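Each chain, written out:
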Amino acid sequence: MNKIFIAILLLAITGCTPGLNEEVINQDPKPMNVTASFYPLAFISQRVGGKLVQVTQITPGGVEPHDYEPTPQDLTAVSNSQIFIKNGYGVDAWADNIVGVKATSKIEAMNGNSGLQDPHMWLNPLNLISEAEVIRDAFVAGDPENSAKYMLNAQGLINDLKGLDQEFKDGLKECKVRQIVTSHDAFRYMAKRYNFETLAIAGLSPEEEPSPKRLAELSDFAKKNNIKYIFFETLVSPKLADTIAKEIGAKSLVLNPIEGLTREEAIMGKDYLFLMQENLKNLRTAMQCK
Ligand SMILES: [Zn+2]
């Protein structure tokens, strides 16, 4: 607003200077309006877009996305945005019929136990690189004038993710235990990348509750594999994880599927990279790594 005011003032002072008004407006362009279905995609969009984008995250912070139902206001925000970023594979099922950029389009999906395809690609940092490239290309196509900036921002994020991948590789190289038990089945891509085995209490969505048979299997698995920690997560009740932990005499620890930031995480400025570092720390404890 100030710049426009100054521009008018300058015009008044200098008379009609051709191009001046246009130049001033170009220095402060309106950011591109981007919506993202849930946190990891909003994180990438913000990093790749920087000041050139205004990102709206549809699934609110602190809300588990698998069963989120968008409000009419959410849907209006999506249809008013220039670019809508979605994940697919059921974590944002409401977005399946909405035209948008599917960030996971270049990633090969793995199958969950139920036979459904697993949506949790973002928990392998290399997959997040692929998503960042898809989002970068969408921003470049939507706003080609600023392509150099999107390329540069994306490269910064890609470098951070390569660093994170290396830390995980090093940190989980020599461990006594290579099996973990988690709340819901979110860590398949991470486990495959860093060569450990993951067993989940619930299914691909936290609402898929386990049968008594499943719980018995988990207890056996944990005992057999000398598992001392059961992981729970931030957006889902820890009740079942606690029950199993007690039953087998294990402790519980957080392994964050980073599906949304809690209020505290948001206030403290924690982001995907920070939470992945916390995950690595807790994995190293649970897996007794050197
Ligand atoms: Zn999930």
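Residues numbered from 1 in each chain as written. Predicted model: local features only at pLDDT ≥ 70, side-chain atom pairs only at ≥ 80, totals over all residues.

A. The packing of helix α8 (residues 212-224) against helix α9 (residues 239-248), seen in detail. Running from N to C, α8 and α9 point in directions that differ by 50 degrees, and their axes come no closer than 10 Å. It follows that α8 is oblique to α9 by the angle criterion. The two elements α8 and α9 cross, and the hand of that crossing is right-handed. The residues of α9 that touch α8, namely those facing Leu-215, Leu-218, Ser-219, Ala-222 and Lys-223, are Ile-244, Glu-247 and Ile-248. Grouping the amino acids of the contact of α8 with α9 by side-chain chemistry returns 5 nonpolar, 1 polar and 2 charged. (Axes fitted to C-alpha atoms, helices over the stretch in contact; angles between N-to-C directions. Helix = DSSP H or I, 4+ residues; strand = E, 2+ residues; numbered from the N terminus. Parallel < 35°, antiparallel > 145°, perpendicular 65-115°, else oblique. Left-handed = near helix turned anticlockwise from the far one by under 90°. Contact = placed C-beta atoms within 7 Å. Nonpolar A, V, L, I, M, F, W, Y, C, P; charged D, E, K, R; others polar.)

B. Representation of the sheet that holds strand β1 (residues 32-36). Ordered in space as β2-β1-β3-β4, the 4 strands form an open sheet in which the pairing is parallel. This sheet does not close on itself; its edge strands, each paired only once, are β2 (53-57) and β4 (101-102). As paired elements, β1 and β2 share 5 bridges and run parallel to each other. Along β2, the bridge assignment pairs Ala-36 with Gln-57. Sheet strands touched by helix α3 (residues 39-49): β1, β2 and β3 (83-86). Its angle to β2, the strand with the most contacts, is close to 175 degrees. (Pairing = 2+ DSSP bridges.)

C. Structural context of the environment of Lys-246. Among the structural elements, Lys-246 can be located in helix α9. Along the backbone, Lys-246 and Ile-230 are 16 residues apart, and their C-alpha atoms lie at a distance of 9.5 Å.

D. Local environment of the pairing of β3. Of the two faces of β3, the one lined by Ile-83 and Ile-85 and the one lined by Phe-84 and Lys-86 are each fully buried. With 2 bridges joining them, β3 and β4 adopt parallel strand pairing. Bridge pairing links Lys-86 to Lys-102 in β4. (Buried ≥ 20, exposed ≤ 12 C-beta atoms within 10 Å, placed from the backbone.)

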